[in-house]
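The lines below spell out each chain.
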Amino acid sequence: MTEKLTFPDGFLWGGATAANQCEGAYNLEGRGLANVDVVPIGPDREAIITGQKKMFSFEEGYFYPAKQAIDMYHHYKEDIALFAEMGFKTYRLSIAWTRIFPKGDETVPNEAGLAFYEDLFKECHKYGIQPLVTITHFDCPMHLITEYGGWRNRRMLDFYEKLCRTLFTRYKGLVKYWLTFNEINMILHAPFMGAGLCFEEGENQELVKYQAAHYELVASALATKIAHEIDPENKVGCMLAAGQYYPNTAHPRDYWAAMEEDRKSYFFIDVQARGEYPNYAKKQWERERIEIQMTAEDLELLKDNTVDFVSFSYYASLVASGDPEVKELTAGNIFASLKNPYLESSEWGWQIDPLGLRITLNAIWDRYQKPMFIVENGLGAMDTPDENGHVADDYRIAYLEAHIKAMRDAIYQDGVDLLGYTTWGCIDLVSAGTGEMNKRYGFIYVDRDNAGHGSLKRSKKKSFYWYKDVIASNGASIE
Ligand code: P53
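Residues numbered from 1 in each chain as written. Predicted model: local features only at pLDDT ≥ 70, side-chain atom pairs only at ≥ 80, totals over all residues. Heavy atoms only, no water.

Draft legend 1. Spatial organisation of the overall build of the chain. When you go through the chain residue by residue, the secondary structure sums to 15 helices and 14 strands. By its C-alpha atoms, the chain is 60 × 55 × 50 Å across when sized along the principal axes. Burial status across the chain gives 59% buried among its 479 residues. Put simply, 76% of the contacts in the chain that link residues at least 6 apart link residues at least 24 apart. Here the chain has roughly 18700 Å² of accessible surface; of this, 50% comes from carbon and sulfur atoms. Distance from the positive charge centre (50 side chains) to the negative charge centre (69 side chains) of the chain: 2 Å. (Helix = DSSP H or I, 4+ residues; strand = E, 2+ residues; numbered from the N terminus. Buried < 20%, exposed > 50% of the residue type's maximum accessible area, 1.4 Å probe, protein only. Contact = heavy atoms within 4.5 Å. Areas by Shrake-Rupley, 256 points an atom, 1.4 Å probe, with all protein chains shown as cover. Lys, Arg positive; Asp, Glu negative; His and termini not counted. Charge placed at Lys NZ, Arg CZ, Asp CG, Glu CD.)

See the structure below:
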């Protein structure tokens with residue numbers, strides 16, 4: 001068989017961002033405060049994003065990088081023009097919920113927020129770029145957290161439904177691809193950032209997280225239903241923080257541990273793609289006395305409104321062990337992983353594994369048989385511009401090239417159905433995990449540092465020209 005180098009016709013190449021990590025303008029034109037605004041850079045960040053330490057407003061002595069971020073709110077025309085120059089077919093972005101409903105429980109949306117995204121989408125279409133819209137990328141209005149407790153409260157279903165109806169109606173014809181919740185499994189690992197959850201002394205945190213997960217899953221099914229009703233052209237996807245777990249050794253108990261870790265994540269997609277809670281979850285809840293409030297109507301909604309496609313982020317594979325003596329974890333990752341001796345790591349300790357992407361694509365395909373979309377992948381690295389301000393990011397090109405080859409193998413050697421690929425942080429932005437600016441993913445360098453200093457000037461890195469060739473040749477420029 002001759003090996004094909006080009007990707008399928010219509011393959012959606014592009015890049016991805018999230019509102020709070022790039023827009024800034026946190027208090028302009030009526031925008032309300034969100035959980036993602038009040039997470040500072042520094043040693044307290046982890047306790048805050050995991051809901052162990054409460055921070056509900058800006059406090060003295062902290063720096064909040066999302067307040068200004070890279071100020072894309074004022075630069076989006078320039079930035080989209082740069083994406084167009086690379087030939088993007090699609091641009092994945094998220095809506096800041098608090099631009100549309102500043103407190104979250106209003107009846108009338110904020111027109112300035114709606115107009116902002118309308119203009120942004122029109123700007124994309126000017127260049128033939130298809131927007132791919134994440135309805136919530138970790139954001140939740142602060143008012144909904146302080147008044148209702150975030151996603152632990154069933155009332156969130158009404159507020160989210162209102163948001164979705166407003167978006168689907170206003171952007172009909174402008175947006176076709178929607179994602180309901182970014183990395184929905186993040187609720188288990190970073191519950192404040194993922195779902196506006198904070199814990200009270202002594203409460204059963206697992207119960208709170210799974211109850212909130214149930215509401216998000218029902219909200220996602222409801223959004224899918226409404227999206228299809230408002231425009232049958234709409235395609236709705238779920239979104240998983242993916243990355244296959246490997247067993248640490250061939251010992252069966254290590255394989256079992258890896259399988260259990262994978263199931264913690266697949267749990268969400270099993271519901272969104274198949275329409276039912278998997279038995280292993282029901283049994284776990286029974287064992288752990290986790291009683292989830294759910295109605296017969298909820299279960300019917302889940303059954304009748306599964307997603308059109310499965311999207312995911314992939315950065316690294318992970319390693320699990322069933323041996324309690326083995327505990328050497330990698331640094332800097334919200335997902336616990338043991339070190340894999342066969343892999344190199346990024347400067348932030350994320351293990352680099354292109355074949356792991358092919359493995360993950362196959363695992364998801366085998367499980368669901370729905371079209372897939374890789375909506376995040378990339379290398380967070382320290383970039384040092386030379387005296388002319390140019391970044392020669394060969395390490396990033398090498399990472400992306402290897403992952404694109406793995407994708408091509410999965411398509412042509414294994415036959416998976418893949419709609420597109422949007423690299424994470426196509427323009428440098430604030431890191432979700434650490435709040436740093438110096439953890440850069442972009443093809444476009446942004447002059448700003450961890451403390452918020454810099455001109456915000458955009459410049460093209462070496463990878464910018466490389467990605468432009470990849471897209472122009474539909475992948476064939478990669479041998
Ligand atoms: P940062 C952890 C593990 C996997 C995905 O992450 C993650 C995280 C959060 O740190 O999140 C996704 O910025 C997320 C993006 C995020 C990106 O991965 O920590 O959807 O918002 O920026 C990369 O390097």
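Draft legend 2. Broad picture of the nonpolar core. Ranked by internal contacts, the top residues of the largest apolar core, which has 158 residues, are Phe-83 and Met-407. Per-element tally for this core: the top contributor is helix H9 (residues 205-230), with 14 residues. If sequence neighbours within four positions are ignored, Phe-83 has contacts with Met-72, Phe-88, Tyr-91, Ile-129, Cys-426, Ile-427 and Ile-444. Counting residues in each nonpolar core, the second largest holds eight residues, with Leu-179, Met-239, Phe-309 and Phe-373 among its members. (Core = buried A, V, L, I, M, F, W, Y, C linked by side-chain atoms within 4.5 Å.)

Draft legend 3. Examining the site of the ligand more closely. By nearness alone, 18 residues border the ligand, and Gln-21, His-137, Glu-376, Lys-439 and Tyr-441 come closest of all. Residue Lys-439 places a side-chain N or O atom 2.7 Å away from an oxygen atom belonging to the ligand. Between Tyr-441 and the ligand, the recorded distance is 2.5 Å, taken from a side-chain N or O atom to an oxygen atom. Summarising the interface, the protein chains cover 97% of the accessible area of the ligand, which totals 470 Å² for the free molecule. Of the residues in the shell around the ligand, the class split is nine nonpolar, six polar and three charged. (Near = heavy atom within 4 Å. Polar contact = N/O pair within 3.5 Å; in protein donor to acceptor, adjacent residues only side chain to side chain. Nonpolar A, V, L, I, M, F, W, Y, C, P; charged D, E, K, R; others polar.)

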